Amino acid sequence: MSVLVVQGLSKSFGGVRAVGDVSFAVAPGEMLALIGPNGAGKSTLFNMVGGQLVPDAGSVLLGGVPITGLGPRAIARHGVGRTFQITATFGSMTVRENVQMALLSHKGEVWSFWRPVAGRHAAEADALLAGVGLAAQAERATGVLAYGDLKRLELAIALGNEPRLLLMDEPTAGMAPAERVALMQLTRRLATERGVAVLFTEHDMDVVFDVSDRILVLNRGTLIAEGDGASIRANPAVREIYLGTGATSGGH
Amino acid sequence: MEVTRRLILGASGALALPGLLRAQGSAQGNAPIRIGEINSYTSQPAFTLPYRNAMQLAVETINSKGGVLGRPLELITRDDAGRPQDAVRLAGELFNDQKVDVLAGAFLSNVGLALSEYAAQNKRLYIGGEPLTDAMVWDKGNRYTFRLRPSTYMQASILAEEAAKLPAKRWVTVSPNYEYGQSAVKWFRQILSAKRPDVQFVAEQWPALGRVDAGATVQALEGARPEAIFNVLFGPDLTNFVRQGNTRGLFERRAVVSMLTGEPEYLDPLGDEAPEGWTVTGYPGEAIDTPAHKAYAAAYRAKFNAKPMCGSLVGYSLINSIAAGIAKAGSTETERMVDGFRGAVFETPAGGATYRAIDHQGTLGVYVGKTALRRNEGVMVDWRYIDGKDLLPADEVVRGMRPASAT
Amino acid sequence: MDSIVPQLLTGLAGASSLFLVASGLTIIFGVTRIVNFSHGSLMMLGAYIGWSIITRLPREPEWFVLGILLTVLATALIGVVLEVAVLRRVYRAPELFQLLATFGVVLVLQDVTLWIWGAVELPLPRPRWLRGFVEIMGNRFPAYDLFLILVGPVVLGLLWLLMNRTRWGTLVRAATLDREMVAALGVNQRTLFTSVFALGAGLAGLGGALSLPNASANLNIDLSVITDAFVVVVVGGLGSLTGAFLASLLIGVIQAFGIVLVPKITLVLIFLVMAVVLVFRPNGLLGRPQAEAREATVAAPVVRAAPRELRLLGALALLVAAVAPFVVGDYYLTVLTDACVAVIFATSLHFMMGPGGMASFGHAAWFGIGAYAAGLLMQWLGAPMPVGLLAAPLAAGIVAALFGWFVVRLSGVYLSMLTLAFAQIVWAVSFQWVEVTGGDNGLLGLWPPDWARSPRVFYWIALALAVAVALLLRRALYAPYGYALRAARDSATRARAIGLDVARLRMVALVIAGAACGLSGALFSYGKGGIFPTYISIPHSVEALLMVLLGGLQTVAGPIIGALVYTGLADILVRSTDLWRLVLGAVIVLLVTAFPEGIAGAARRLWLRGREA
């Protein structure tokens, strides 16, 4: 059974249709890439699934439960983890504390005013950090991390929520090409290990074809193609869009 | 500039070493009698600086005549910044650290009440100079607090008496919306209505203190078509109100009765727009030709090269009253001073006065008269001085208002 | 009623005056993001300078206009001096530090103005032509007010032309939208900021000079104008000129009719208008939401528990404080007691402002609510001090919960301004509702019971409460709740994405801060024997900000150090010179420029130098 089922999702801004009647599904452990040129509606679609935007029509089901129109917090509570195009971490905390925060929230231990955070779930946090290769950085201030490390930290934070679905918006934006592949292969491995469904948008086609199980192509708000890497590569409609911009690798 | 130099000199007492001062203060014999004084020097400088000048003049005059009980007076002033809480803290400093014998001061009513409360709690003597609130000697009165200046009630009652002589029946009031303004209007209405049952109050305006929207206020009063106006606004509020009123013709063919407007502090800034023919309480200043006042005014002018203001009269009289009270007590011990101040008779440039034993209110009187323009400046004319003792309610009324604990 | 039209016109004239001051404030804010507290002082200087110039000129209208223009130039020049000498040095500092610097300037200018022009208010003598009027519906209406009605739209029009038809204006508008972008375009930011400040100051000067025929130049203009100007700017939407104009009209007209209909609550009315507008339009009438990215770029340093050495030092200080009554005299004990109150006052503000990210410009409201709760209980029920000290935080906490519903949905400066408005409403109620609160005479006779009356015992009580509150708040900050609160501040987006309820976290922070602050208000009142509306005044709220920011926002020890330093400094200054405002203001400006991270922050940086990876 699919983790995420999206049906007929639509959204307009001031009469301009940004996303129209998009449907798809993601299975556990599956990496689904969402691609398309700038302005195709990727972010809008993404934000409707993540709760930042309320759809005009359509439904979003998570594990069979409708989450359409819920806010980001409620959606997170339903087991959706997220990373952002511009990294969003807690700058006044250490790397470990960032993950501890996610764990505390997930376990419903936020409304406690007495016992210090210091040792709470530290081992679990360190395990998650080790999983993304940040174990050595656990004590450091988040603000001094390299950009690639911040991205990995976001991944660890998102995993702290024990998500069934991970939403990754441009996870490799701003990273060096070698790092990109490394991050997404890490994600791939974690998804497989934990059976997490991953929906991500990505500009870098090398990354997309390298790690995704399936690819959705969006153009002008509608789904124009869906399939595995080979079929998408061969799809004339997709070729037309991308040849038009000439970008197959990281250009945007 | 004169003001500036005084500003710096004014607080110089605090720069001396506290230990040294303490040693001086505790020694009896010829050691000075220390008067600690707290006032709103930075927040109300227009009134408190001439007041402080006159206090210094009075201290010098008294000391040149041998002081009190053979000891010179020493004045230590502090700035409360217009905040009662600061005044209370500084009262502690003056008593505990500077070892003053008696506390004086306050311009704002709330500062006066805070100091009075402090005095009662700590059983120390406090003599209020300028605060007007009736509460200070009546419903919040206490054993350790005296007040010199004629109160809101006294000012309002003389104005109500004058107002009762006018033919006007339709009255409006305009008053700053805080305790002073509200009490003034309350007393004025009460006393005037008692004397003239035919009078009715058809509108009232309550601009926020210091923020009068003069145009709209004047327009609203005009809309009520009154025959007479009772005004309690003062300071910049009064200036704005008078200007809008003049232009919009609010005061034409209408009687105006106005609290304190005859004080040069408020009348002078109006310049050539000072209203004519308003019935006011205030201070005619150098126009007063009694020998005592002439001598005082000449000495003040000689020392400060400025004309004495109403605040100066209060400051000068305040020091005189303290000297007289201590002389009568024959001691600077607080309980004996309280008994000494009760009924103490003292001279002021305006005439003799006393602290009433019944409520500790000073009987310094009120000048009431009309405003007029002379050489493009507002002055008081046709004024007369009414002794404070004639402006107070009957003794049994006063006893009823004063708490039992205040004996 | 034939007085409706004149009353409306009067409101429009008032609106013009409001707009003149507010326009400069909003332009300065739009470009430099500085909440300029000294804007009222600039208007005050405009009034005084205008008075000095115009009284020296012939009394004809053309000379009057010339005098006004010269005044505008002079205040613009003062604006340039201010910008170059003070503000330029603090642009990189956190937003609130600039506010602090401008408040230092307010203090300095109060004394400078007193020194130059003296204490007596200075009305401009009005020549005949300024006293003229026209008959409107049987009422005399001042011709000058008609002129004022025109000035507002004319100035708006000129500013519109300046903003839309000149290269400079284009840059200003671009900078209002995105400061970084303009910097990236290679525009000389310094010149742009200086010129914007000059324009804003000139407009304030214009407002001051044009007020002269109706009002006097006096020393109270600065603070009375600045609150009105803030309200207009916030209601209009920060940075929006047209918004400020609409807000001026709205407030001017409501004020004019409010005077007729509800003469006793005009003061509250304005702030109610502001609160209502912000509830329905959280960014004001025409304001844009502030960029979220900006808050994320200012990375707060990592909060770590204090090093062992510092804890030892703290314990030592506490020991010294505990035995102080055996060493110092009664007066210094009361100063120390005040310092304890200040510690609670400041740490409670720090709680919501530092970790909570909600800067309150009206923290004194909670102080006052706590104080009045204790005072009214004493007056109505004869409740003794222990009951009062319990009731105060309860009352303040409950009101904070009600108020929180409005406020936690706002952010940044809008939130700060709503807290300011709320504090002004509380102040106005305490000041004007004499029957209940005693008005400015206050509530008296609020003394501790006999066993606690000696300065020594009362000090120990205050010390115990201060230490308890500081430790409890610290405890909460290192507990999951405190981390979650900080998380919501660091990145609301991320906090929501991990399932945190940002609004509720902030709401609870406000309630905790309000309750703690209420306790300090009650404690203070028992120490002073009374409660007065001055407890809720704007300067008192600013004092709280001063303590927190001087101490340092990013450390738990910061507000405590700030409270102690500020209390000591203020006490020494007030007792040594009548020019304490000048000195205090200068010290604030110096500290702000020298230690933009606060005293504790600077000490921490020195301590950590070389230790942090």
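Quick notes on the rules
Residues numbered from 1 in each chain as written. Chains lettered and ligands numbered in written order. Predicted model: local features only at pLDDT ≥ 70, side-chain atom pairs only at ≥ 80, totals over all residues. Heavy atoms only, no water. UniProt positions renumbered as here; feature names shortened; annotations may be inferred. Helix = DSSP H or I, 4+ residues; strand = E, 2+ residues; numbered from the N terminus. Rg over C-alpha atoms; globule rule 2.2 N^0.38 Å. Buried < 20%, exposed > 50% of the residue type's maximum accessible area, 1.4 Å probe, protein only. Contact = heavy atoms within 4.5 Å. Areas by Shrake-Rupley, 256 points an atom, 1.4 Å probe, with all protein chains shown as cover. Lys, Arg positive; Asp, Glu negative; His and termini not counted. Charge placed at Lys NZ, Arg CZ, Asp CG, Glu CD. Domains from an automatic or database assignment. Buried area = accessible area lost by both parts, 1.4 Å probe. Axes fitted to C-alpha atoms, helices over the stretch in contact; angles between N-to-C directions. Parallel < 35°, antiparallel > 145°, perpendicular 65-115°, else oblique. Left-handed = near helix turned anticlockwise from the far one by under 90°. Nonpolar A, V, L, I, M, F, W, Y, C, P; charged D, E, K, R; others polar. Polar contact = N/O pair within 3.5 Å; in protein donor to acceptor, adjacent residues only side chain to side chain. Pairing = 2+ DSSP bridges. Salt bridge = Lys/Arg side-chain N within 4 Å of Asp/Glu carboxyl O. Phe/Tyr/Trp six-rings, centres within 6.5 Å; stacked < 30°, edge-to-face > 60°. Core = buried A, V, L, I, M, F, W, Y, C linked by side-chain atoms within 4.5 Å.

- An unreviewed UniProt entry lists chain C under the name Branched-chain amino acid transport system permease protein, with Muricoccus pecuniae as the source organism.
- As recorded by UniProt, the Sequence similarities (unreviewed entry) comment attached to chain C reads in full: "Belongs to the binding-protein-dependent transport system permease family. LivHM subfamily."

- In the nomenclature of an unreviewed UniProt entry, chain A is known as Branched-chain amino acid transport system ATP-binding protein of Muricoccus pecuniae.

### Looking at the overall build of chain A
And then number 1: Check the secondary structure of chain A and you find 9 helices and 10 strands.
And then number 2: Whereas a compact globule of 252 residues would reach a radius of gyration of roughly 18 Å, chain A reaches 18 Å, a difference of no more than 12%.
And then number 3: With respect to the three principal axes, the spread of C-alpha positions in chain A is 60 × 40 × 35 Å.
And then number 4: Relative to its full complement of 252 residues, chain A shows a buried share of 56%.
And then number 5: The contacts of chain A with a sequence gap of at least 6 include a subset with a gap of at least 24, amounting to 67%.
And then number 6: By element, 54% of the accessible surface of chain A is carried by carbon and sulfur atoms, the whole surface being about 9800 Å².
And then number 7: One finds the centroid of the 22 positive side-chain charges in chain A at a distance of 4 Å from the centroid of its 23 negative side-chain charges.

### Concerning the domain arrangement of chain A
Residue and element names in this part refer to chain A.
And then number 1: Per the domain assignment, the segments of chain A are domain 1 (1-79 + 164-252) and domain 2 (89-162).
And then number 2: Inter-centroid distance (C-alpha atoms) of domain 1 to domain 2 is 26 Å.
And then number 3: Residue-level contacts link 17 residues of domain 1 with 14 residues of domain 2.
And then number 4: Here domain 1 and domain 2 share an interface that buries about 1200 Å² over both sides, 62% of which is from carbon and sulfur atoms.

### Notes on the packing of helix 4 (residues 84-97) of chain B against helix 5 (residues 109-122) of chain B
Residue and element names in this part refer to chain B.
And then number 1: The geometry of helix 4 relative to helix 5 is characterised by a closest axis approach of 9 Å and an angle of 40° between their N-to-C directions. In terms of orientation, helix 4 and helix 5 fall into the oblique class. In this structure, helix 4 crosses over helix 5, and the sense of that crossing is right-handed. Between helix 4, through P84, A87, V88, A91, G92, F95 and N96, and helix 5, the contact on the second element is made entirely by N110, V111, A114, L115 and Y118.
And then number 2: Classifying every residue of the contact of helix 4 with helix 5 by side-chain character gives 9 nonpolar, 3 polar and no charged.

### Here we look at the domain arrangement of chain C
Residues and elements named next belong to chain C.
And then number 1: Considered domain by domain, chain C is made up of domain 1 (4-289) and domain 2 (313-536).
And then number 2: On the domain 2 side, the residues contacting the 24 residues of domain 1 number 17 residues.
And then number 3: A combined buried area of about 1800 Å² lies between domain 1 and domain 2, and 82% of that area is made up of carbon and sulfur atoms.
And then number 4: Three residues stand out in domain 1 for area buried against domain 2, namely L267, F271 and V279, and they jointly supply 27% of the buried area on that side.
And then number 5: At the boundary of domain 1 with domain 2, the tally comes to 3 residue pairs in polar contact (both at pLDDT 80 or more).
And then number 6: If you list the elements that add at least two residues to the side of domain 1 that touches domain 2, you get helix 4 (95-117), helix 9 (221-236) and helix 11 (266-280).
And then number 7: Looking at which element gives the most residues to the side of domain 1 that touches domain 2, the answer is helix 11, with 8 residues.

### Considering the sheet that holds strand 9 (residues 214-219) of chain A
Residue and element names in this part refer to chain A.
And then number 1: Taken in spatial order, the 6 strands line up as 6-7-8-3-9-10 in an open sheet, and their pairing is mixed. The open sheet has two edge strands with one neighbour each: strand 6 (80-83) and strand 10 (222-227). Direction aside, the axes of adjacent strands within the sheet are offset by 20° on average.
And then number 2: Pairing analysis gives 5 bridges linking strand 9 to strand 10, with the strands arranged antiparallel. When the bridges of strand 10 are listed, I215 appears paired with G227.
And then number 3: Contacting strand 6 and strand 7 (165-168), helix 5 (residues 147-160) crosses the sheet at an angle of about 165° to strand 6.
And then number 4: In the packing of helix 6 (residues 177-194) onto the sheet, contacts are made with strand 3 (31-35), strand 7 and strand 8 (197-201), and the angle to strand 3 comes to roughly 140°.

### Topic: the interface of chain B and chain C
And then number 1: If you look at the interface, chain B gives 70 residues, while chain C gives 75 residues.
And then number 2: Buried area between chain B and chain C, both sides added, is near 6400 Å², and the carbon and sulfur share of it is 54%.
And then number 3: Applying the counting rule to chain B against chain C returns 9 salt bridges.
And then number 4: Put simply, C:R126 and B:E273 hold a salt bridge, and the shortest N to O gap is 2.6 Å.
And then number 5: Our enumeration of links across chain B and chain C arrives at 37 residue pairs in polar contact (both at pLDDT 80 or more).
And then number 6: Here the side of chain B that touches chain C takes 9 residues from helix 4 of chain B, the largest share from any one element.
And then number 7: When the residues that make up the side of chain B that touches chain C are grouped by side-chain class, the tally is 26 nonpolar, 24 polar and 20 charged.

### Details of the packing of aromatic side chains
And then number 1: Per the stated rule, a full pass over the model turns up 48 aromatic pairs over all chains.
And then number 2: Taking 6.3 Å as the distance between ring centres and 80° as the angle between the ring planes, the aromatic pair formed by C:F64 and C:Y144 counts as edge-to-face. Separated by 80 residues along the polypeptide, C:F64 in helix 3 (residues 61-85) and C:Y144 in helix 5 (residues 143-165) bring together distant segments of the chain.
And then number 3: Residue classification places C:F64 among the buried positions, given a relative accessible area of 7%.
And then number 4: The class of C:Y144 is buried, set by a relative accessible area of 6%.
And then number 5: Through a chain of ring-to-ring contacts, the aromatic side chains of B:F47, B:F107, B:Y178, B:Y180, B:F234, B:Y266, C:W427 and C:F431 assemble into a single cluster.

### Thoughts on the nonpolar core
And then number 1: Judged by nonpolar contacts, the single largest core of 390 residues is most densely connected at A:M101, B:W171 and B:F188.
And then number 2: Here this core takes 14 residues from helix 17 (residues 412-432) of chain C, the largest share from any one element.
And then number 3: Grouped together as the second largest cluster of nonpolar side chains are 26 residues, A:V6, A:M48, A:L167 and A:A197 included.

### Section: the interface of chain A and chain C
And then number 1: Counting from both sides, the interface comprises 38 residues of chain A and, opposite them, 34 residues of chain C.
And then number 2: Between chain A and chain C, roughly 3000 Å² of surface is buried when both sides are summed, and carbon and sulfur atoms account for 66% of that area.
And then number 3: Taken as a group, A:S92, A:W111 and A:F113 account for 22% of the area that chain A buries against chain C, more than any other trio of residues on that side.
And then number 4: Across the contact surface, chain A and chain C share 2 salt bridges.
And then number 5: When the shortest N-O distance is used, the salt bridge between A:E154 and C:R494 registers 2.6 Å.
And then number 6: Applying the counting criterion to the chain A and chain C interface returns 15 residue pairs in polar contact (both at pLDDT 80 or more).
And then number 7: Mapped by element, the contributors of at least two residues to the side of chain A that touches chain C are helix 2 (72-77), strand 6, helix 3 (95-106) and helix 5 of chain A.
And then number 8: When residues of the side of chain A that touches chain C are assigned to their parent elements, the largest contribution, 5 residues, is made by helix 3 of chain A.
And then number 9: Taken together, the residues of the side of chain A that touches chain C break down into 19 nonpolar, 9 polar and 10 charged.

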